[in-house]
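# Structure at a glance
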Amino acid sequence: MNTIIDAYEVNGKPIKDWTIKEHNEALDKLGARIYKPFHGVLVLGGGTKPYMIKVRKETKDGEKEMELVDALACYSAVPFGHRDPVITENVNKFIAQMATIPRSISHSYLGPWQVKLQEFTQMDMFLPKSSGTEANEAAIKAIRKWAKNYGGRDGKGIKGTPYIITAKNAFHGRGLGSTAMMDDPTTRKDLEPLMPGFEQVPFNDVEAMEAKFKEYDGEIAAVFIEPIQAEAGILIPDDNYLRDVQKLCKENNALFVLDEIQTGYCRTGYNFAWQLYDLEKPDLVTLGKAMGSGGLPVSCLCGKKEIMELFEPHGEGSTFGGFPLASFVGLLTIHELEKRDIIKMVRENGKYLKEKLEEVAKNYPEKVKEVRGIGMLIGVEIKPQYDGHKLSLNMIEHGVYAKETHDTNLRIAPPIVIEREGMDKIVSALDASLADL
Ligand code: PLP
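The rules we used
- Starting from 1, residues in each chain are numbered consecutively following that chain's sequence as written.
- Totals for whole chains, interfaces and linings use all residues, but because this is a predicted model, local features are given only for residues with pLDDT of at least 70 and pairs of side-chain atoms are given and counted only at 80 or more.
- Computation of side-chain values: all heavy atoms of the structure, hydrogens and water removed.
- Domain start and end points were adopted from an automatic or database domain assignment.
- Residue contacts are counted whenever heavy atoms from the two residues lie within 4.5 Å of one another.
- What counts as buried area is the accessible surface, traced by a 1.4 Å probe, that two parts surrender upon association, with contributions from both included.
- Think of a salt bridge as a Lys or Arg side-chain nitrogen and an Asp or Glu carboxyl oxygen that are within 4 Å of each other.
- Throughout this document, a residue counts as near a molecule or strand when at least one of its heavy atoms sits within 4 Å of that molecule or strand.
- Two N or O atoms count as a polar contact when they lie within 3.5 Å, although within protein this holds only if one can serve as hydrogen donor and the other as acceptor, and sequence-adjacent residues are included solely when both atoms are side-chain atoms.
- Residue-level accessible areas treat just the shown protein chains as cover; the underlying method is Shrake-Rupley with a 1.4 Å probe.
- Labels follow the DSSP assignment, with helices taken as runs of H or I lasting at least four residues and strands as runs of E lasting at least two, numbered in each case from the N terminus.
- The convention used is that axes are lines fitted to C-alpha atoms, helices contributing only their stretch in contact, and that angles between N-to-C directions extend from 0 to 180 degrees.
- To sort the angles, those under 35 degrees are grouped as roughly parallel, those over 145 as roughly antiparallel, those from 65 to 115 as roughly perpendicular, and the leftovers as oblique.
- Two helices cross in a left-handed way if the nearer one is turned anticlockwise from the farther one by less than a right angle. They cross in a right-handed way if the turn is clockwise.
- Lys, Arg, Asp and Glu make up the charged group, whereas Ala, Val, Leu, Ile, Met, Phe, Trp, Tyr, Cys and Pro make up the nonpolar group; the residues left over, Gly among them, are polar.
- Each helix should span, by expectation, one fewer than its residue count multiplied by 1.5 Å.
- For every residue, the accessible area (1.4 Å probe, protein chains only) is compared with the maximum for its type, and the residue is labelled buried under 20%, exposed over 50%, or partly exposed between those bounds.
- The arc in question is formed by the directions pointing from the helix axis toward the C-beta atoms.
- For two strands to count as paired, DSSP must find a minimum of two bridges between them.
- Ring geometry is summarised as follows: Phe, Tyr and Trp rings, the Trp one being its six-membered ring, pair when their centres sit within 6.5 Å, and such pairs are stacked at plane angles under 30 degrees, edge-to-face over 60 and tilted between the two.

### Comments concerning the domain arrangement of the protein
For the protein, the assigned domains are domain 1 (1–64), domain 2 (88–339) and domain 3 (342–437). At the junction of the two partners, domain 2 supplies 21 residues and domain 3 supplies 20 residues. A buried area of about 1,600 Å², summed over both sides, lies between domain 2 and domain 3, and 60% of it is on carbon and sulfur atoms. Viewed at the interface, domain 3 and domain 2 are joined by one salt bridge.

So this is what it looks like as structure tokens:
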């Protein structure tokens, strides 16, 4: 891929001639160390298939260009893969038309996107944002506003702190509200005191949830959870769990709020994971990642009218939430998901991939604890004495980019349009990588 920037000189050299080491030095010296990227690999662009990426990789003789299967899809943010012709062509055309305008003047894309969102999500109203964590921050505000007005046993408002119950090991993003919802000590380190009013319970434990409702009787405004815990290692709840929690919320006049930022947009073979569990419509849902087809950060808080209408002008806003390009891409993403019959594809391919991964896992009973997953969201959990980061490195050596989460889980979540050939490469790479572990 040649762009004007490739030939642009930084540090006295066209960027295209920088070695991987030079890139890494710039990352390490100048960037806050918030990630630990694989050091010997540099992504150059999309590959020859939508589910492939082209990389430069260090070898003992220097650097070589090669392709990897992208089995992470930017944590589920890239549904159609890289270089999708429809998305690329339309985004290019759109950018050629205009840059952006603020939300204080109407434009012709937001209304149609919201109508399409309503059809797709079955929710009443929408508050667009850019990142997932922003959608969650907006959800916390919505919960608090609702709690002050309609929360509590008598529905006349919670007078003191309105409590939000979240799950242990959850992931909700990096804003301070999202951080307060999570119990991971590294995430919270040096940030306390965090926003008050959050209580964590173990995921998939109805009794623990019941006990919390008893302990904070009349003070609980909402339960806020991921329907499937993705970062925690693709943890799938029992069939009744979410239904029982939703029932508890109803009985206690609390909102039932789902973070579907990773699980939404067909990743599980349903438009949204909540549809897997025979639930009533949630009160609020947060969405992000795949909403922008991987090319653009697009997120949204969706909810029931009586909650969402508590937002008012100047009380909340965003420069890029719902800006013309985001609205256009948001609309295009839903259109393409429906047109390409993605749900059917995800169900068939997800079943195939999981079965094949399970077959491989059977060959390594001493190393693999379990393969779990649904649709195109699959986790391979290895036994605690083995190192998930090493397994990810092995996968790269065998041509696949997949990433460990929580040390012992390898997350496999490729673009949902992946073909058999790509899935077979993931399966054989896992086989070889487990053998090398
Ligand atoms: N919620 C969930 C379930 C996520 O998986 C993520 C990101 O991985 C987020 C929220 C945060 O999204 P973002 O990184 O776009 O802020």
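Okay, back to it.
### A short note on the site of the ligand
If you check the shell around the ligand, you find 13 residues, and the closest are Gly132, Thr133, Asp259, Gln262 and Lys289. Residue Thr133 places a main-chain N or O atom 2.8 Å away from an oxygen atom belonging to the ligand. In this structure, an oxygen atom belonging to the ligand sits 2.8 Å away from a side-chain N or O atom of Lys289. Calculation on the ligand without its partners gives an accessible area of 390 Å², and the protein chains cover 82% of this total. Counting residues per element, the shell around the ligand draws most heavily on helix α5 (residues 132–150), which supplies three residues.

### A few points about the environment of Met125
Looking at the element boundaries, Met125 is found in strand β6 (residues 125–129). Put simply, Met125 and Glu309 are 184 residues apart on the chain and 8.0 Å apart in space, counted from C-alpha to C-alpha. The residues touching Met125, leaving out its near neighbours within four places in the chain, are Leu301, Cys302, Gly303, Lys305, Met308 and Glu309.

### Notes on the packing of helix α3 (residues 85–97) against helix α11 (residues 324–339)
Remark: α3 packs on α11, axes separated minimally by 11 Å, with the N-to-C direction vectors making an angle of 155°. With respect to each other, α3 and α11 are oriented roughly antiparallel. Helix-helix and strand crossings are classified by hand; for α3 and α11 the assignment is right-handed. Seen from α3, the contacting residues are Val86, Ile87, Asn90, Val91, Phe94 and Ile95; seen from α11, they are Pro324, Leu325, Phe328, Val329, Leu332 and Glu336. When grouped by side-chain class, the residues that make up the contact of α3 with α11 number 10 nonpolar, one polar and one charged.

### Notes on α3
The terminal C-alpha atoms of α3 lie 19 Å apart, and with 13 residues this matches the ideal 18 Å at 1.5 Å per residue to within 8%. Here α3 has its buried residues at Ile87, Val91 and Phe94. Down the axis of α3, the sector holding all buried residues measures 65°, keeping them to one side. Turned more than 90 degrees away from the buried face of α3 sit Pro85 and Ala96, all of them exposed. Contacts from the buried residues of α3 go to α11. One side-chain oxygen of the residue at the start of α3 lies 3.1 Å from the amide nitrogen of Val86, identifying that residue as Asp84.

### Focus: the pattern of salt bridges
If you walk through the whole model with that rule in mind, you get 33 salt bridges. Between Lys116 and Glu119 there is a salt bridge, with the nearest N and O atoms lying 3.1 Å from each other. Here Glu119 and Lys116 lie together in helix α4 (residues 110–121), a separation of three residues that amounts to about one turn. In this structure, Arg153 and Asp217 form a salt bridge, with 3.0 Å as the shortest nitrogen-oxygen distance. Note that Arg153 is positioned in the loop between α5 and β7 (163–167) and Asp217 in the loop between α8 (206–215) and β9 (220–225), a separation of 64 residues in sequence. Through salt bridges with shared partners, one network takes in Lys49, Glu419, Glu421 and Lys425.

### Focus on the pairing of strand β11 (residues 284–287)
By the alternation rule, side chains of β11 split into Leu284 and Thr286 and Val285 and Leu287, which are all buried. Both strand β10 (residues 255–259) and β11 contribute to a ladder of three bridges, which runs parallel. Within the sheet, the bridge partner assigned to Val257 lies in β11 and is Leu284. Looking at chain direction, β11 and strand β12 (residues 299–303) are connected through four bridges and run antiparallel. The residue of β12 that forms the bridge with Thr286 is Leu301.

### Describing the packing of aromatic side chains
In this structure the tally under the stated criterion is 10 aromatic pairs. Their ring planes at 90° and their centres at 5.9 Å tell us that Phe38 and Tyr401 sit as a pair that is edge-to-face. One end of the pair, Phe38, is in the loop between α1 (20–30) and β3 (41–46); the other, Tyr401, is in strand β15 (residues 400–401), and 363 residues separate them in sequence. Seen from their ring centres, Phe94 and Tyr109 are 4.9 Å apart, and the 70° between their planes marks the pair as edge-to-face. Of this pair, Phe94 sits in helix α3 while Tyr109 sits in the loop between α3 and α4, placing them 15 residues apart in sequence.

### Remarks on the sheet that holds strand β17 (residues 409–412)
Strand order in this open sheet of four strands is β13-β14-β17-β16, and the pairing throughout is antiparallel. In this open sheet, the two edge strands, each paired with only one partner strand, are β13 (368–374) and β16 (403–405). Neighbour to neighbour, the strand axes of the sheet diverge by 25° on average, direction disregarded. Pairing geometry for β13 and strand β14 (residues 377–382), over six bridges, is antiparallel. Each residue of the ladder has a partner; that of Gly373, found in β14, is Ile378. The sheet contacts of helix α12 (residues 342–362) involve β13, β14 and β17, and relative to β13 the element is tilted by about 175°.

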